[in-house]
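Structural description and commentary
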Amino acid sequence: MVTAAAVLQDHVVEQLGREIVDEVVHAGDSYTLEQIQHRFNVSRTVARDAMRSLESLGLVMGRRRVGLQVLDRSEWNVNHPRVIRLRLKGPGRTHQYRELAELRVAIEPYAARLAALRADDEQRQRLRLLAQDMKDAGAAGDLTRFLHLDAELHSLLLAACHNSHFGTMEPVVQAVLAGRSGGGVLPFSAATAAVADHVRLAFAVADGDADAAEGASRAVVAEVKNSLETGFDPEGSTPGP
């Protein structure tokens, strides 16, 4: 059960987090618990818990006689899903999408290769089912369903690498895939070629064909890569794969 205090704390974290990542406040600026209490009309306990949350995100640091000092972007925990979501909501969302897209282009093809080599039997069976479900969703023109399945596919591929470092990327990938349907930055539609590439990727990994898996993954991220190289309109395009 979510308590009223937890809701208030989350609101404070959301508002101050947005201020920091949107650079409404700047590195070196500071907050005090008293200021937060009065601004949000919350108890000292809620204010303190909120600031602990912001500290865990690398956005602020408590300093004696200063209060809670805003940290430079280089100190932010940029791979934390909440930091990603905060950045995707603000004016810097295009830059955030670009950074995440570059990361996807760099890691996903090799992750697909590793997954093809290392996936266990249960993961391979789930990939086959996902492939068929994605094919059906594409044929029905059900973009919402396709995007949901796509998110599961990317999560499963990273898990199937059986590499703890690749595993840590799962929240990062999920955050950008979840944010894309509202972010409108990278182009995508459930077109026949896009569906076919995803289906081919899932089956290649399931069948243990590392070369085919890597090639299919490169095809999946090719549109992302093309967008990075040719530029994209964050206001006029629709979400990416």
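Residues numbered from 1 in each chain as written. Predicted model: local features only at pLDDT ≥ 70, side-chain atom pairs only at ≥ 80, totals over all residues. Heavy atoms only, no water.

Things to note about the overall build of the protein
Helix and strand counts for the protein come out as 11 helices and 3 strands. For the protein, the N- to C-terminal ordering of α and β elements is α-β-α-α-β-β-α-α-α-α-α-α-α-α. Here the protein holds 241 residues, and the buried ones make up 46% of them. Counted over contacts in the protein with a minimum sequence separation of 6, partners at least 24 positions apart contribute 68%. When the accessible area of the protein is evaluated, it comes to approximately 11900 Å², of which 51% is carbon and sulfur surface. (Helix = DSSP H or I, 4+ residues; strand = E, 2+ residues; numbered from the N terminus. Buried < 20%, exposed > 50% of the residue type's maximum accessible area, 1.4 Å probe, protein only. Contact = heavy atoms within 4.5 Å. Areas by Shrake-Rupley, 256 points an atom, 1.4 Å probe, with all protein chains shown as cover.)

Side note on the pairing of strand β2 (residues 60–63)
The pairing of β2 with strand β3 (residues 67–70) spans 4 bridges and is classified as antiparallel. In the sheet register, V60 faces β3, and the bridge partner there is V70. (Pairing = 2+ DSSP bridges.)

Examining helix α3 (residues 44–56)
The terminal C-alpha atoms of α3, which comprises 13 residues, lie 18 Å apart, in line with the 18 Å expected from a rise of 1.5 Å per residue. Regarding α3, the residues found buried are V46, A47, A50, M51 and L54. End-on view of α3: buried residues confined to an arc of 130 degrees, all on one side of the axis. Contacts from the buried residues of α3 go to α1 (4–21), β1 (30–31), α2 (33–40), β2 and β3. A positive backbone phi angle near 75 degrees is found at G58, which sits one or two residues after α3. (Expected span 1.5 Å × (residues − 1). Arc of directions from axis to C-beta.)

Quick word on the nonpolar core
Core analysis: the biggest nonpolar cluster contains 26 residues, and L127, M134, L153, L157, L201, V205 and A213 have the highest contact counts within it. Of all the elements in the fold, those that place two or more residues in this core are α5 (93–118), α6 (121–140), α7 (143–160), α10 (192–206) and α11 (210–230). Examining the composition of this core, we find that 7 residues originate from one element, α10, more than from any other. Non-local contacts of L153, meaning those with residues more than four positions away in its chain, are made with L127, L130, M134, H198, L201 and A202. Listed in part, the 24 residues of the second largest apolar core include V12, V13, L59 and V83. (Core = buried A, V, L, I, M, F, W, Y, C linked by side-chain atoms within 4.5 Å.)

Examining the pairing of β3
Here β1 runs beside β3; their pairing, made up of 2 bridges, is antiparallel. Paired with S30 across the two strands is Q69, which belongs to β3. Linking β2 back to β3 in an antiparallel pair, the connection comprises 3 residues, with R65 at a positive phi of about 70 degrees.

A look at the environment of V173
Within the secondary structure layout, V173 lies in helix α9 (residues 170–183). On a C-alpha basis, the gap between V173 and A151 in space is 8.3 Å, while along the polypeptide they are 22 residues apart. Excluding its chain neighbours within four sequence positions, the residues that come into contact with V173 are E108, H154 and L158.

Observations concerning unusual backbone geometry
If a residue is not glycine, its phi is most likely negative; likewise, a peptide bond is most likely trans. Of note in this structure, N41 is not a glycine but carries a positive phi near 55 degrees. Along the polypeptide, N41 turns up in the loop between α2 and α3. A positive phi is found at H162, a non-glycine position, where the angle reads about 50 degrees. Relative to the elements of secondary structure, H162 occurs in the loop between α7 and α8 (164–167).

Quick look at the pattern of salt bridges
Counting across every chain of the model gives 16 salt bridges. Among the salt bridges present, the one from E14 reaches K89, with a minimum N-O distance of 2.7 Å. Highlighted residues: E14 in helix α1 and K89 in helix α4 (residues 81–89), separated in sequence by 75 residues. For E14, a relative accessible area of 18% translates into the label buried. Notably, a salt bridge pairs R44 with E34, separated by 2.9 Å at the nearest N-O pair. (Salt bridge = Lys/Arg side-chain N within 4 Å of Asp/Glu carboxyl O.)

Some thoughts on α1
In a regular helix each residue adds 1.5 Å, so 18 residues correspond to 26 Å; α1 covers 26 Å between its end C-alpha atoms and thus fits that length. Taken together, the buried positions of α1 are V12, V13, E14, L16, G17, E19, I20 and V21. As for α1, its buried residues are in contact with β1, α2, α3, β2, β3 and α4. Just beyond α1, the residue with positive phi is E23, at close to 60 degrees.

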